[in-house]
Amino acid sequence: VEASLAEAQFDKEVSQNASRFDWQNFNNATLKRLFDKITGLGTAAQTDQAKLEELNNILSEMDNIYSTGKACEYDNPSNCLALNPDLYNCLADSRDYDRLRFCWEGWRDAVGRQLKDKYPRFVELSNDAVGQDAQRWEDTGAYWRSWYETADFQEQLENLYNQLTPLYNNLHAYVRKKLRATYGQDKISATGPIPAHLLGNMWSQSWINIYDLVEPYPGKTSLDVTPKMQEDVSRSLSFISYCLKQLFFAEN
Ligand SMILES: *[C@@H]1O[C@H](CO)[C@@H](O)[C@H](O)[C@H]1NC(C)=O
């Protein structure tokens, strides 16, 4: 918390110094971008020191809850599993439906309620702070999206998402079929969503850990999509290949 406050103080000084230049009218685009970056304060714009401190305290507390929450065994409450590595490993390695569910739910039970109680105050304080930035962000979401430095970020994302959806739907159905074969038809609906605890990762964000369950052509070497990506400059295809690679072929 102390370091965050010192950093906010430093950011303010740098921003004040940079503001002495007429950087908005610079011709050099690189310099202009650099000045835009260092004059933007984000939450460091908060002028009320007590509120800034409270915000940094909440962030630190949430960080702590998130990383130290443990899932304790129902029948042996003194045996508690930490997120890293115990629960990561459980999600990646276990092939027992109930065990996986315990690991997925146990961590959420341990941290979810505590985080939920703190989050509204975090939102309030963060919005209050970024609203004081010279750029006057509408809210924290607008400030976070500004990091992508493109005005139509949401449209671009929507567009890519729509292009990717047909492939994703096929992939999802294929993986669901394989998981039904592993865990039983009574556990997974033939047409609905896949239970999140079966995908090998606490947030289902990478499926590489269940590759052994879904491998389409056992024994074949994995597909190298690099030449195809180099040959085809179209952004959408590169993006799709990239996503496929993330899901199946890349290490974490
Ligand atoms: C713009 O500014 C950057 C940073 O000082 C410098 O490296 C670059 O050469 C400049 N570009 C031009 C076209 O002058």
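The name given to the protein chain in an unreviewed UniProt entry is Angiotensin-converting enzyme, with the source organism recorded as Branchiostoma belcheri. According to the UniProt record, the Sequence similarities (unreviewed entry) comment for the protein chain reads "Belongs to the peptidase M2 family."

**Let's talk about the pattern of salt bridges**
Across all of its chains, the model carries 10 salt bridges by this definition. Close ionic contact of Arg 121 with Glu 54 constitutes a salt bridge, the shortest N to O distance being 2.8 Å. Here the residue Arg 121 occupies a position in helix H5 (residues 97-130), and Glu 54 occupies one in helix H3 (residues 49-68), the gap between them amounting to 67 residues. Given the relative accessible area of 31%, Arg 121 is considered partly exposed. Between Lys 118 and Glu 61 there is a salt bridge, and its shortest N-O distance comes to 3.0 Å. One end of the pair, Lys 118, is in helix H5; the other, Glu 61, is in helix H3, and 57 residues separate them in sequence.

**Some remarks on unusual backbone geometry**
Excluding glycine, residues mostly have negative phi values, and the peptide bonds linking residues are mostly trans. At the junction of Asn 84 and Pro 85, the peptide bond is cis and its omega measures out at 10° in the coordinates. Tracing the backbone shows Pro 85 in helix H4 (residues 83-93). We note that Arg 136 has phi near 55°; this positive angle belongs to a residue other than glycine. The residue Arg 136 is located in the loop between H5 and helix H6 (140-146) in this model. Positive phi, close to 55°, is recorded for Glu 149, a residue that is not glycine. Assignment of secondary structure puts Glu 149 in the loop between H6 and helix H7 (153-183). According to the relative accessible area criterion, Glu 149 is partly exposed, its value standing at 41%.

**So, the packing of aromatic side chains**
All chains considered together, the criterion is met by 14 aromatic pairs. For the ring pair Phe 26 and Phe 35, a centre distance of 5.2 Å and an interplane angle of 80° mean the geometry is edge-to-face. Of the residues examined, Phe 26 reaches a relative accessible area of 23% and is grouped as partly exposed. Taking relative accessible area as the criterion, Phe 35 reaches 15% and is therefore assigned buried. Ring plane angle 75° and centroid distance 5.1 Å describe the contact between Tyr 74 and Phe 102, whose orientation is recorded as edge-to-face.

**Considering the domain arrangement of the protein chain**
When cut into domains, the protein chain gives domain 1 (1-86 + 97-147) and domain 2 (172-250). On a C-alpha basis, the centres of domain 1 and domain 2 stand 31 Å from each other. Counting from both sides, the interface comprises nine residues of domain 1 and, opposite them, eight residues of domain 2. Summed over both sides, the interface of domain 1 with domain 2 buries roughly 920 Å², with 73% coming from carbon and sulfur. Together, Tyr 97, Leu 100 and Trp 104 form the three largest contributors to the area buried by domain 1 at its contact with domain 2, with a combined 65%. Counting the contacts that link domain 1 with domain 2 gives zero salt bridges. Counting across the interface, domain 1 meets domain 2 through two residue pairs in polar contact (both at pLDDT 80 or more). Looking at which element gives the most residues to the side of domain 1 that touches domain 2, the answer is H5, with seven residues. Residue composition of the side of domain 1 that touches domain 2, grouped by class: seven nonpolar, no polar and two charged.

Reading the values: the criteria
- Residues numbered from 1 in each chain as written.
- Predicted model: local features only at pLDDT ≥ 70, side-chain atom pairs only at ≥ 80, totals over all residues.
- Heavy atoms only, no water.
- UniProt positions renumbered as here; feature names shortened; annotations may be inferred.
- Salt bridge = Lys/Arg side-chain N within 4 Å of Asp/Glu carboxyl O.
- Helix = DSSP H or I, 4+ residues; strand = E, 2+ residues; numbered from the N terminus.
- Buried < 20%, exposed > 50% of the residue type's maximum accessible area, 1.4 Å probe, protein only.
- Phe/Tyr/Trp six-rings, centres within 6.5 Å; stacked < 30°, edge-to-face > 60°.
- Domains from an automatic or database assignment.
- Contact = heavy atoms within 4.5 Å.
- Buried area = accessible area lost by both parts, 1.4 Å probe.
- Polar contact = N/O pair within 3.5 Å; in protein donor to acceptor, adjacent residues only side chain to side chain.
- Nonpolar A, V, L, I, M, F, W, Y, C, P; charged D, E, K, R; others polar.

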